[in-house]
Amino acid sequence: SSSPWLLPQAVAAERFITARESHDRRLLSAISNGKDNGVIRKGQETENGTESVRIGNVEKVLRNNHDMKGKNLIPNGYLSDQPSQTILRHLQWMLAKDNLKQDMLLIGPPGAGSLYRRRLAMMYAELTRQEVEILTISADMTENDLKQRRELVYNNAVGGGGAMVEFMDQAPVRAAIQGRTLILDGLEKAERNVLPTLNNLLENREMHLEDGRFLVSPERFKELSRDHFDGSTSFLVPTHEDFRVVALGVPAPPYDGRSLDPPLRSRFQIRRIDNPTTDELYEDIMLSGASAESAKFCALFSAAMESDISGDDSTLSRTLDFPFNALPSVAKIIDHFPDESKKSVLVRAYPMDTDDTRMNQVMSKRHENSQKTFTRACDELNLDGTSGTYEIDSISPSKGDPFHADISISVSSALTSSLFADNSSSSEDLKISVPSGGNECRQISDSFVQTVSSKAVLMSMIQDHFAGRDILLISPKGEGKSAIAMEFASILGYKVNLFGLYKEMSGRDLIMRRTTDSEGETGWADSQLIEAAKHGHICILDGIEKLSSDTLGILHSLLTDRELALPDGSKLSAREDINDQSRTKIHPSFRVVALGSISKDASPSWLTEEAISMFSTVALPAPSHDCLSEILKSSNCSERDLHKILHFHNSLTQSTAADCGVSPLSTRNLLRIVKRTETYNNIYDNICSLLVAELIPPIQRAALESLLAKSNILPVTTDSDKEGHDELKIDVQNDVLKMGENFVMERKKVKRPEMVPSPLFYDIPSQLKIMKRLLNEWTVGERAFLLLGNQGVGKNKVIDRICEIANFEREYIQLHRDSTIGQLTLSPSLEDGKIVWNDSPLVRAVIEGCSLVIDEADKAPVEVISVLKSLIEDGELLLGDGRRISRNNVGEGTIPLHPDFTIWVIANRPGFPFHGNDLFEEVGDCFSSCVIPNPNLYSEINLLKSYAPSVDEEVLRKIAASFAELRHLFEKGDIGYPYSAREAVSVAKHFEKYPNDDIVSILHNVIDMDSYDKRLFDRIGEVFREHGFPVKNYGSWKAKVMAGDGRGVLKIDYLTDRTNEGTSNSPPGLKGPKHGKWDENNEAHVGGNQWAGGTGGSDTAGLGGRGGPYRLDRGHQVHQVSDEAKKEVSKEAAAAARKIAEKALKERLDEIGMSEREWETYEGFIQDIKVDIANLRGTLQSVQSKTSERDWIKRQSHGEVDESKLVDAVTGDRYIYKRRGTIEPQVGQTKKPKRLRFVMDCSGSMYRFNGHDQRLNRSLEAAALVMESFDGMEQRFDYSIVGHSGDSRCIELVNFGKPPKNAKERMVILQTMVAHSQFCQSGDNTIGAIGHAIQDEIKTSSEEGNTDDSVVIAVSDANLARYGISPHELGKVVSQGSSVSEGAKIKAFCIFIASFGSEAEEIKRALPLGRSFLCLKTSDLPRIVRNILTVEVA
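Residues numbered from 1 in each chain as written. Predicted model: local features only at pLDDT ≥ 70, side-chain atom pairs only at ≥ 80, totals over all residues. Heavy atoms only, no water.

Attention now goes to the overall build of the chain. Within the chain one finds 54 helices and 52 strands. The proportion of buried residues among the 1434 residues of the chain is 55%. Considering only residue pairs separated by 6 or more positions, the chain has 72% of its internal contacts joining residues 24 or more positions apart. In the form shown here, the chain has an accessible surface area of approximately 61,600 Å², with 48% of it arising from carbon and sulfur atoms. (Helix = DSSP H or I, 4+ residues; strand = E, 2+ residues; numbered from the N terminus. Buried < 20%, exposed > 50% of the residue type's maximum accessible area, 1.4 Å probe, protein only. Contact = heavy atoms within 4.5 Å. Areas by Shrake-Rupley, 256 points an atom, 1.4 Å probe, with all protein chains shown as cover.)

Turning our eyes to something else, we now look at the packing of helix α36 (residues 937-947) against helix α38 (residues 981-993). Look at α36 against α38: their axes get within 9 Å of each other, and the N-to-C directions meet at 35°. For the element pair α36 and α38, the recorded crossing hand is right-handed. Contacts from E940, L943, L944 and Y947 in α36 reach A981, A984, V985, A988, K989 and E992 in α38. Of the residues contributing to the contact of α36 with α38, the split by class is seven nonpolar, no polar and three charged. (Axes fitted to C-alpha atoms, helices over the stretch in contact; angles between N-to-C directions. Left-handed = near helix turned anticlockwise from the far one by under 90°. Nonpolar A, V, L, I, M, F, W, Y, C, P; charged D, E, K, R; others polar.)

Spatial ordering of the open sheet is given by β22-β23-β24, a layout of three strands whose pairing is mixed. Both edges of this open sheet fall to β22 (563-565) and β24 (583-585), since each of them pairs with a single strand only. Each strand axis lies, on average, 15° off the axis of its neighbour in the sheet, ignoring direction. Pairing analysis gives three bridges linking β22 to strand β23 (residues 571-573), with the strands arranged antiparallel. The partner of L564 across the bridge, within β23, is L572. (Pairing = 2+ DSSP bridges.)

Bringing empty space enclosed by the protein into the picture now. Taken as a whole and assessed by the stated rule, the structure comprises nine cavities of 30 Å³ or more. Looking at the second largest cavity, it is lined by 21 residues, and the ones nearest its centre are Y78, M122, I134, E563 and K571. Taken together, the residues of the lining of the second largest cavity sort by class into 10 nonpolar, four polar and seven charged. (1 Å grid on protein atoms, 1.4 Å probe; cavity = no way out; pocket = protein on both sides within 12 Å on 5 of 7 lines; lining within 4 Å. Points joined across faces, edges and corners; volume = space filled by probe spheres on them.)

This next bit is on the environment of S980. Assignment of secondary structure puts S980 in the loop between α37 (953-972) and α38. Taking the C-alpha atoms as reference points, S980 and Q791, 189 residues apart in sequence, are found 6.7 Å from one another. If near-sequence neighbours (up to four positions away) are discounted, S980 is found in contact with Q791, G792, N934, F963 and R967. Here the side chain of S980 touches Q791 through a polar contact of 3.1 Å, landing on its backbone oxygen. (Polar contact = N/O pair within 3.5 Å; in protein donor to acceptor, adjacent residues only side chain to side chain.)

Now for the sheet that holds strand β4 (residues 104-107). Taken in spatial order, the five strands make up an open sheet running β5-β8-β12-β4-β13, and their pairing is parallel. Of all strands in the sheet, those with a lone pairing partner are β5 (132-136) and β13 (269-272), marking the two edges. Averaged over neighbouring strand pairs, the angle between their axes works out to 20° when direction is ignored. Across five bridges, β5 lies against strand β8 (residues 181-185) in parallel orientation. Of the residues in β8, the one forming a bridge with I134 is I183. Relative to the sheet, helix α2 (residues 85-99) contacts β4, β12 (244-249) and β13, its axis offset from that of β13 by approximately 180°. Relative to β5, helix α5 (residues 171-178) is tilted by about 160°, and along the sheet it contacts β5 and β8.

So, on to the pattern of salt bridges. Enumeration according to the criterion identifies 65 salt bridges in this entry. In this structure, R258 and D550 form a salt bridge, with 3.3 Å as the shortest nitrogen-oxygen distance. Within this pair, whereas R258 is found in the loop between β12 and α8 (262-265), its partner D550 is found in helix α19 (residues 549-552), the two being separated by 292 residues in sequence. When its relative accessible area of 25% is taken as the criterion, R258 is described as partly exposed. Owing to a relative accessible area of 12%, D550 belongs among the buried residues under this scheme. Close ionic contact of R957 with E953 constitutes a salt bridge, the shortest N to O distance being 4.0 Å. Taken together, the residues span about one helical turn, with R957 and E953 both in helix α37 at a distance of four residues. Judged by relative accessible area, R957 falls into the partly exposed class, the value being 35%. (Salt bridge = Lys/Arg side-chain N within 4 Å of Asp/Glu carboxyl O.)

It is worth spelling out the pairing of strand β25 (residues 591-597) at this point. Most of β25 sits out of view: seven of its seven residues are buried. The pairing of strand β17 (residues 470-475) with β25 spans five bridges and is classified as parallel. Paired with L473 across the two strands is L595, which belongs to β25. The pairing of strand β21 (residues 538-542) with β25 spans five bridges and is classified as parallel. Opposite C539, over in β25, you have V592 as the bridge partner.

This part takes up the side chain of S1245. Counting through the fold element by element, S1245 comes out in helix α47 (residues 1244-1248). S1245 gets classed as buried once you look at its relative accessible area, which sits at 9%. Setting aside chain neighbours within four positions, we find S1245 in contact with R1255, D1357 and N1359.

What follows is about the packing of aromatic side chains. For the structure on display, the rule yields 20 aromatic pairs. Aromatic pair F337 and Y390: ring centres 5.2 Å apart, planes at 75°, arrangement edge-to-face. Taken together, the residues F337 in the loop between α11 (327-336) and α12 (342-349) and Y390 in strand β14 (residues 389-398) connect sequence positions 53 residues apart. Residue F337 is classed as buried on the basis of its relative accessible area, which comes to 0%. The buried category is assigned to Y390, whose relative accessible area is 6%. Positioned over the ring face of F466 is K332, at 4.5 Å from the centre of the ring. Positioned above the aromatic ring of W1078 is the side chain of R1114, whose terminal nitrogen or guanidinium carbon lies 3.6 Å from the ring centre. (Phe/Tyr/Trp six-rings, centres within 6.5 Å; stacked < 30°, edge-to-face > 60°. Lys NZ or Arg CZ within 6 Å of the ring centre and 35° of its normal.)

Turning our eyes to something else, we now look at helix α49 (residues 1255-1269). Relative to the 21 Å expected for 15 residues at 1.5 Å per residue, α49 spans 21 Å between its end C-alpha atoms, a close match to the ideal helical length. Of all 15 residues in α49, 14 are buried, a share of seventy percent or more. (Expected span 1.5 Å × (residues − 1).)

This next bit is on the environment of D429. Here D429 is to be found in strand β16 (residues 428-435). On the basis of relative accessibility, which here comes to 52%, the residue D429 falls in the exposed class. Along the sequence, D429 and I409 sit 20 residues apart, while their C-alpha atoms lie 5.6 Å from each other. Residue contacts for D429: discarding those within four places in its chain leaves D393, I409 and S410.

Counting all residues, the mean pLDDT for the chain is 81, and 83% of those residues have values of 70 or more. Within the chain, the lowest mean pLDDT, 42, falls on helix α1 (residues 6-32), and the highest, 95, falls on β4. Low pLDDT, under 50, characterises residues 1-37; the stretch is placed with 36 contacts to residues that sit more than four places away or in other chains. Throughout residues 1045-1051 the model reports pLDDT below 50, and contacts reaching past four residues in sequence, or to other chains, amount to 11 contacts. (pLDDT = per-residue confidence, 0-100.)

Moving on, we get to the nonpolar core. Grouped together as the largest cluster of nonpolar side chains are 173 residues, with contacts concentrated most on L91, F301, L473, L842, I854 and F927. The leading source of residues in this core is helix α3 (residues 112-128), at nine residues. Those residues in contact with L473 that sit more than four places away from it in its chain are V457, M461, K481, I484, A485, V593, A594, L595, G596, V618 and L620. By size, the runner-up hydrophobic cluster in this structure holds 56 residues, among which are Y1110, C1242, Y1279 and A1303. (Core = buried A, V, L, I, M, F, W, Y, C linked by side-chain atoms within 4.5 Å.)

Let's shift gears to the side chain of T239. Among the secondary structure elements, T239 is positioned in the loop between β11 (236-238) and β12. The exposure class assigned to T239 is buried, which follows from its relative accessible area of 2%. Excluding residues within four positions of it along the chain, T239 makes contact with A176, L201, R205, L215, V216, S217 and P218.

Here it is in structure tokens:
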């Protein structure tokens, strides 16, 4: 059947074709008949000779131009000769409000809607010939931006010269005094209590200024001037009677933003400005020079998008508005590139359907709704992705215009099947002229590997550039955005201004920075962006995802209208008629290319309506296997090795990588692996080093090893450490360094020998291998290294030793929590009232070609280290004083990047128990990463011998072996502190100095921190005892120290062995179910039908029998009746037994409570898992503390001086401080608690076989571990526990948001689990329970808009075959949560705590990699649960 949309489309199309013509006829008719009908009537003189303007019945007298001091501030070119009726109605309303002397607030949708409202305000100012002052509002705005800013100037005419503070009026004050229209753009972005500064100016036209003046209304000023003739009113300044305020804003809610303060809102007259109608869009597109056909198509598509907007106005589900301001550019591309897919052009304007699964996986709920709307609109217009192929043939400068280039493009009507297209297949040529940079245009460089995808991206950028759009490139990290942007600039002859962005950057930092000159006068200097705008360069904004949407919004007017008001009071504009000093012309060739990275862990919240209205967005497609092969072929790596590497890359998908605890390999990662393999042919080591596999938790490391093995990438067997040590020795002879037989390098010539470190270092085999590898990489060009590892493994010493033997001069920086980007690059200070910039160690190292060691890098905010990305990858870094570090550019203000400059970044491993940030996750792919492990046993023994040569070698061997075992326990999760070589060395050094001291007392020096946890200390002492050191409990040792003797005695209690069960061959006849008699002596009863708790009998409650109402375990060996005997139970008897069980269950649940005896039972129960509880709580607290860690709040009136505000401090500004505090999340970005659901097996087999293998006990321990560990962490984590049995697939034990509050409630839950497993009917609901939990999480995530992945952990016995359930069915259910196409992913894990035969192993093989675990030891379950949670929440 035909779509119901077709008829409206046809009618609309007919109306579009005749719209302009009919409008013109109506206009001429109205003028000829003398009717108003909303027509503008200008140029008429009133009775007193002044000029006026009239729309309909509203007329306004225009201001005399002679009264204006800033005629250049009157907008021009915004108001067309024939504005639409909608525009006229809006302008008529504004005229009326202007006549009433009322300020106005225009509200409407964000993005292109904001542009529409700003242009409407400019139209009104142009119509009424009003000068305009624009104030773009952001969260960084302070009172100074609304009133006056201080500047320090030197007046040589006063007393021989001196400094004085000059107050510079800001836009609101200038507008009020000069009678201009003040446009407040973006009211919803201001932080609370900032805009109320304007309340009195809006209401009474009054404001107190910092220079002592006071603004008053013109009426009040006349009154005071008439009454006072003595000059006492000289400080009063009248506001101009023509001063008006036009505010522009977005209503919040339903849109993101801050709602208006009622006192502020009440001072405006409000007008709702909806987006242009389809008719108006059609006319606007036609006026831009588009063909009627493309204009009609664009208008139809806009109508389709509008018609499909959901009626749900909630912030979460609202569809992003289509950026209609991009439609003229879309039409231009369609007209000039007819073979280009219309859908692909629209996708660049509205990047919600990129056909890239990586992009779609990170979309928030709002973006998903937008994607659905866009897809349906494309389907309505029958748009598909079929496209011709456009390729660049040649680029040459245009004749007579150095800032334009002519591009010859070959066109193919169908997609070529060849990977590297042959231009001979083109069917026709296309020639276009585009803006260029004025330098020599180049062909695509040889170093840039052209593939199908890179050619398509470059052609998309050329098309958007031709249409006048700025460009946004998005992809995951390391996929070549910077390379493509640089190549795009190069072929068009552009000079590139690289602008690295960071989280703390304010809107003002994007535009200008404060500075002082040689005389000490304060002023402003252009940012890289403004410099590019003035000179026609390309500005690459690298890291746009780091900016808040408020900060990015500062650029909206620059990128959409090519106009911008600067902080120094001047303005940028692309207008042709600029002839005054206060306005600077924007070069027509100016373009912006923004680079944005997407991550699987966060939705692109920065991709708002405002952002997509500023840019044409090009999503870099995931490189195909063939493309990657061609890129990597440029190396000297063998085909065989390339095949292995690419096979592993294809296997490491997004979901598989998450299961392995790593990120998928980017193109940058692959290039680094291949480069390493050229000099060190060990693919296994190279990949593990790049992924820092040694720091991955054991469970995920095993999954990664399995994946590597499937790609035939296996560990390479090497000689023993001792043999390797014989060969690998350091030999320094004059200017030559040798290590082993195959490494030789020339040592550097030094200018400052005092800068070369000379550490106390003992060469040991394991560290020599690392040093050789690092130096090997340095000799082939690597200059950025990231060293990770536990504390005390020698990271600093390794670097110092490298610098010593290679003769590297070293600069050093130690970072901390309060480190800033400014401190990393330059250190500003005030000297004689002037800002003096002192070079940091980084700048000195860049100039001299030294090694820069950045220590404790994980302690600083991640963005501080992130700023080095542009220096490492692109060889560019802008300093605070305006100088630029550059690898390629030269000239004034440029610091050449020395080719030997090397960065060594040192950080501890991420995650608990370390408190630092995860540096590797953020910037690891920019560095050559290397894990510095603890020395192996042989190396550590050698190390200890070097520090303690007189200590017996066997004692040193025992010390080394003991600490190696402790590290193994840490990796398993049994202890929470990673004992390192530093502790072992300290013990050996003590024993060397004081050989008569007791070795146990010396060991206490490093283990006493754990003595407050008795169970943990006992576990550590057990390790030392196994190696011959009698470390016992702390109390005994203390008593020995105090008394000189006495040793504690350890007692080991063995449980009764019940693993061997018997059989019951002749149970008594069946008479009917009953509880049975209670034996107070608890003797064993086998094969009877009288006693409760017997085994192998009939009718009574017990184990192993038949016909009884429920299970009852009294601790005896179980005798099992045969299945044939069970079948003799009649249906009537089974029904009667079920009724008795249901009644008993109800009675048991009613009586569950917490007596004193039960309290003791609970405490004894959790005693065995207290260490696991402590370790897991430590991990969870670490995660919680990181999420709630305080940050710097800037622009404060008290606190610590903000070094970036020193210039403002010189002028006397109050808001120059920063202080630690909790930053409110950006509107709409509130972080929700991570959801975890635990599915516990409460089936009958758990109770029945508990005596056999303790499976129920293990399940209860897991539940107790969860409840105890998550207690008090509700703000960060939200969990539920459900059970399943033969009676139900969902037994609610702990509901989300309602965790048990105390031990009593936790005990009740454990008792409830036991009761269900005791009294439930036979059967298995494992699959149903897991599936129900996953589907419920999917539904909840969708309804709440939760983008964070949820976790489902199922604890069950592997008892599926008995009920006819195949492992494949379970695997399918477990995988369904990871395969959802929208919203958060649900990761499900299964832990099997019992197995008959090999059933559990078979099930494990059928489940996804890393999602199943077999636990047959009671002590293993808490560790497995803890390891899963550690990985998923940390």
